[in-house]
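Structural description and commentary
Take a look at the letters that make up each chain.
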Amino acid sequence: MRLNVLLLGAVLGLLGGATPSPTVTLNQPPIDMTPEQLSGCWVQEEETGWFRPVGDLPGKGDVAIRYLIDSNGNLFSPERVASEPPCVLDLVALSGLAKTRYRVAEQNPDAIPVRVVSRLDIEVK
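For the structure given in this document, a descriptive report is provided here. Since this is a predicted model, take the numbers as computed values, not measurements. (Residues numbered from 1 in each chain as written. Predicted model: local features only at pLDDT ≥ 70, side-chain atom pairs only at ≥ 80, totals over all residues. Heavy atoms only, no water.)

Once that is clear, we can look at the pattern of salt bridges. A full pass over the atoms with the stated rule returns five salt bridges. Arg115 is the salt-bridge partner of Asp32, the closest N and O atoms lying 2.9 Å from each other. With a gap of 83 residues between them, Asp32 in strand 1 (residues 31–33) and Arg115 in strand 6 (residues 114–123) connect regions that are remote in the sequence. When its relative accessible area of 31% is taken as the criterion, Arg115 is described as partly exposed. The partner of Arg119 in a salt bridge is Asp62, with the nearest N and O atoms 2.3 Å apart. A residue pair is termed long-range when its members are at least 10 positions apart, and Arg119 in strand 6 and Asp62 in strand 3 (residues 60–69) qualify at 57 residues. Assessed through its relative accessible area of 51%, Arg119 is described here as exposed. (Salt bridge = Lys/Arg side-chain N within 4 Å of Asp/Glu carboxyl O. Helix = DSSP H or I, 4+ residues; strand = E, 2+ residues; numbered from the N terminus. Buried < 20%, exposed > 50% of the residue type's maximum accessible area, 1.4 Å probe, protein only.)

See the structure below:
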């Protein structure tokens, strides 16, 4: 009986995961800003680099994505606003954005959350 309880606990621990999924942290309502204003509040940690998308995609395009940066610098709620060619490179853009991390800028000591629309120029080689 004791072994069954230990095994059940181990399985539930593995299935439940040891780390909770991230939740949005807002110390106040987010403000809307342009990409040019973003560096005054949040600084991108590092370049997202490159990755190889799967499938036969066109060579170039751009995607505009609206997303939220919460008070911890995590990205949430990405949504496509526009893209050219329409809907073709959306997943590539979202995948690249998912790797982006931010830290609070010196001018933003209160870690004010923001909502921004960024246009991503994409070239698939």
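Next comes the rest of the account.
This next bit is on the layout of surface pockets. By volume, the second largest pocket is sized at about 150 Å³. In terms of lining, the second largest pocket is formed by Pro22, Asn74, Leu75, Phe76, Pro78, Leu94, Leu97, Ala98 and Arg101. At the level of elements, strand 4 (75–84) and helix 3 (90–98) are the ones that each hand at least two residues to the lining of the second largest pocket. Residue composition of the lining of the second largest pocket, by class: seven nonpolar, one polar and one charged. (1 Å grid on protein atoms, 1.4 Å probe; cavity = no way out; pocket = protein on both sides within 12 Å on 5 of 7 lines; lining within 4 Å. Points joined across faces, edges and corners; volume = space filled by probe spheres on them. Nonpolar A, V, L, I, M, F, W, Y, C, P; charged D, E, K, R; others polar.)

For Asp70, the location among the structural elements is in the loop between strand 3 and strand 4. At 3.0 Å, the side chain of Asp70 forms a polar contact with the backbone nitrogen of Thr25. For Asp70, the residues in contact, after removing those within four places along its chain, are Thr23, Val24, Thr25, Leu26, Trp42, Phe76 and Pro113. (Polar contact = N/O pair within 3.5 Å; in protein donor to acceptor, adjacent residues only side chain to side chain. Contact = heavy atoms within 4.5 Å.)

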